[in-house]
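# Geometric and topological summary
Listed below are the residues making up each chain.
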Amino acid sequence: MSTPAPEPAPFDPHAFPADLIAAHHDATRLRAELEAYAATLPWSREPHPGWKDVKEGVRARKGRPASPGWTPEQTTEHERLKAALLDATQTVYAHPWWTRCAQEGVTGPAIVDARQALKRAPGAVPDEHDAVGQEDVDKAA
């Protein structure tokens, strides 16, 4: 007499494939790198004379110092990081895993829950050994 084959385990939308976790890790790292780089740039991409503080009654608008604008090198680096981030996020959002989830009936709040769980999956965000700080990871996630 033969033993019946065990039933397959139910589909787990949180059992993310390794390439999806790696893609999310890259996207999170690039987001943090872009934000950190942007924080080093002058406030205005183009040269701008700035403006003084303005106080009108109870309303106030903080002034800005003059900005030399970005150098061609700064613009190139910012655009490079932005393009790399776009590619990485497209890889995450268009990953075949999400199609598989839909085929398995994971939709609505359950798919939102799975996408949110990816942000906290082991290896999906840079850890303390990477150059990116945890506050950058939390902001980017």
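Here, the structure is the one placed above.
Reference entry: report on the structure contained in this document. Given the structure is predicted, the values throughout are model-derived calculations rather than measurements.

## Looking at the packing of aromatic side chains
In the structure shown here, the tally under the stated rule is three aromatic pairs. In this structure, R115 is placed above the aromatic ring of W98, and the distance from its NZ or CZ to the ring centre is 4.3 Å.

## Notes on the pattern of salt bridges
With the rule as written, the count across this model stands at seven salt bridges. Between D26 and R29 there is a salt bridge, with its nearest N and O atoms 3.9 Å apart. Placement of both D26 and R29 in helix α1 (residues 18–38) is noted, with a separation of three residues, approximately one turn of the helix. Through salt bridges with shared partners, a single ionic network connects D26, R29 and E33.

## Regarding the environment of L20
The residue L20 is located in helix α1 in this model. Using a relative accessible area of 0% as the deciding quantity, one classes L20 as buried. Taking the C-alpha atoms as reference, L20 lies 8.3 Å from A124; in sequence the two are 104 residues apart. Those residues in contact with L20, other than ones at most four positions away along the chain, are V92, H95, W97, W98 and L118.

## Focus: the packing of α1 against helix α2 (residues 72–93)
In the contact formed by α1 and α2, the axes pass within 8 Å of each other and the chain directions differ by 155°. One element, α1, and the other, α2, form an angle in the roughly antiparallel class. Remark: the crossing between α1 and α2 carries left-handed chirality. Residues L20, A23, H24, D26, A27, L30, R31, E33, L34, Y37 and A38 of α1 form the contact with α2, whose participating residues are E73, Q74, E77, H78, L81, K82, A84, L85, A88, T89, T91 and V92. Taken together, the residues that form the contact of α1 with α2 break down as 12 nonpolar, five polar and six charged.

Scoring rules and cut-offs
Residues numbered from 1 in each chain as written. Predicted model: local features only at pLDDT ≥ 70, side-chain atom pairs only at ≥ 80, totals over all residues. Heavy atoms only, no water. Phe/Tyr/Trp six-rings, centres within 6.5 Å; stacked < 30°, edge-to-face > 60°. Lys NZ or Arg CZ within 6 Å of the ring centre and 35° of its normal. Salt bridge = Lys/Arg side-chain N within 4 Å of Asp/Glu carboxyl O. Helix = DSSP H or I, 4+ residues; strand = E, 2+ residues; numbered from the N terminus. Buried < 20%, exposed > 50% of the residue type's maximum accessible area, 1.4 Å probe, protein only. Contact = heavy atoms within 4.5 Å. Axes fitted to C-alpha atoms, helices over the stretch in contact; angles between N-to-C directions. Parallel < 35°, antiparallel > 145°, perpendicular 65-115°, else oblique. Left-handed = near helix turned anticlockwise from the far one by under 90°. Nonpolar A, V, L, I, M, F, W, Y, C, P; charged D, E, K, R; others polar.

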